[in-house]
Amino acid sequence: MKNLDFINKFFEIEPSKIFDTLKTVIDFQSGYIYYTNPQRLEYSFGQTDGKKRLTENLKIKNTVFGEIILTGENFFDEDKEIFKTCAVIISNLLKDKEISEIMKMQTTALQEGYLEIKKAEQTKSKFLSHISHELRTPLNSILGFSDLVALAGSLNDKQKDYLNDIKISGLHLLEMINEILDMSKIEAGAVTLNLQEFEIEQVINETINIIRPLLKQKLITNIKNFTIQADYQKVQQILFNLLSNAIKFTPKSGEITISTKLTDKAVIEISDTGIGIAPENQIKIFEKFEQVDNTIQNSTGLGLAITQELVKLHNGTISLESEIGNGAKFTIALPLSL
């Protein structure tokens, strides 16, 4: 009986070499592999058909997907046994090749799709960055001149109200532009930390002074002062975003509280007596462009998403406690040094 060790060769060959390998143990003139769905000739060998035929189905788990045929002048019982065994191995070999090709096609499609998405994101970020810069320059001029007019005096009460409306609207618009620009930088991975030591009380007080024109609610501060090493501007932005959020969702008769405490981290809490946030929305609000209350205007839906990213850059955490009708409390925990 012929040695069947040659069968191991099938696990190392390309499908196109199937008939070359079979030829070493079975004497045949031509060979064919047909696929049934769709019906087609996949591989062939030899030019002239013999008088006799050996035929075996190609199948995986009893599902036939093709047929292998050998033709020759004469076949022995041993040839038939070898051919039957080889047909099982060939079935697996061909299916593995088919699966491998499908995976390659899917991988290529995913890579191409990913590159297209990245290209679109870069184009979007570049566009938003350009537009934001173009809008921010004249807007800063408007805000600056409104301050100068206010300092000039000689304004009646109605004019002062008009001027205050200009400033508040300008600050809202500037906040929205800055959020778009900041998110573009975050998505592009262009945000880095400029670390310095500063007192937590200083950054909180400066943020309050910036946002005061928008503040109609009672503000309560309970500040325990300590020194922290972080990015001053980004901590200020975190505070501004959270205070701005509290102002938007708290009635004028409500209260906003800022407090700090020192543990093994710098902990900042900003709470309000506003409308509150339902449990099912407490994760969603940190996603880009998400707004729980669509009736609130002057918002891009980016503020909390940016805040979370800036906190993560500091290796910190942000958490939320809230109930509908009982306000919300955001807690920031930042390392004392990086």
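In what follows, the accompanying structure is described. Predicted model, so just to flag it, every value in this text is computed and none were measured.

### Observations concerning helix α3 (residues 157–187)
Here's step 1: For α3, spanning 31 residues, the distance from its first C-alpha to its last is 45 Å, which sits close to the expected 45 Å at 1.5 Å a residue.
Here's step 2: Measuring from the side-chain oxygen of the N-cap residue of α3 to the backbone nitrogen of Lys 158 gives 3.1 Å; that N-cap residue is Asn 156.
Here's step 3: A positive backbone phi angle near 65° is found at Gly 189, which sits one or two residues after α3.

### Quick word on the pattern of salt bridges
Here's step 1: According to the stated counting rule, one finds eight salt bridges in the structure shown.
Here's step 2: Asp 27 is the salt-bridge partner of Lys 23, the closest N and O atoms lying 3.7 Å from each other.
Here's step 3: The class for Lys 23 is partly exposed, based on a relative accessible area of 35%.
Here's step 4: Here Asp 147 and Lys 167 are joined by a salt bridge, their closest N and O atoms 2.7 Å apart. Taken together, the positions of Asp 147 in helix α2 (residues 77–152) and Lys 167 in helix α3 put the pair 20 residues apart, joining distant regions of the chain.
Here's step 5: For Lys 167, a relative accessible area of 25% puts it in the partly exposed group.

### Considering a nonpolar patch on the surface
Here's step 1: Judged by side-chain polarity, Phe 127, Ile 131 and Leu 135 come together as a nonpolar surface patch covering roughly 270 Å² of accessible area.
Here's step 2: Classification of Leu 135 as partly exposed rests on a relative accessible area of 45%.

### Describing helix α5 (residues 232–248)
Here's step 1: Under the 1.5 Å per step criterion, the end-to-end length of α5 is 24 Å for 17 residues, consistent within 8% with the ideal 24 Å.
Here's step 2: Most of α5 sits out of view: 14 of its 17 residues are buried.
Here's step 3: The N-cap residue of α5 is Asp 231: its side-chain oxygen and the backbone nitrogen of Gln 233 are 3.2 Å apart.

### Considerations on the sheet that holds strand β1 (residues 30–36)
Here's step 1: Strands sit in the order β2-β1-β4-β3 across an open sheet of four strands; the sheet is antiparallel. The open sheet has two edge strands, β2 (39–45) and β3 (52–60), and neither has a second partner. Taken over all neighbouring pairs, the strand axes of this sheet differ in orientation by 20° on average, direction set aside.
Here's step 2: Bridge analysis of β1 against β2 gives six bridges, and the strand direction is antiparallel. What sits directly across from Gly 31, in β2, is Phe 45.

What counts as what
- Residues numbered from 1 in each chain as written.
- Predicted model: local features only at pLDDT ≥ 70, side-chain atom pairs only at ≥ 80, totals over all residues.
- Heavy atoms only, no water.
- Helix = DSSP H or I, 4+ residues; strand = E, 2+ residues; numbered from the N terminus.
- Expected span 1.5 Å × (residues − 1).
- Polar contact = N/O pair within 3.5 Å; in protein donor to acceptor, adjacent residues only side chain to side chain.
- Salt bridge = Lys/Arg side-chain N within 4 Å of Asp/Glu carboxyl O.
- Buried < 20%, exposed > 50% of the residue type's maximum accessible area, 1.4 Å probe, protein only.
- Patch = residues over 30% accessible without salt bridge, like charges linked within 9 Å, V, L, I, M, F, W, Y side chains within 5 Å.
- Areas by Shrake-Rupley, 256 points an atom, 1.4 Å probe, with all protein chains shown as cover.
- Pairing = 2+ DSSP bridges.
- Axes fitted to C-alpha atoms, helices over the stretch in contact; angles between N-to-C directions.

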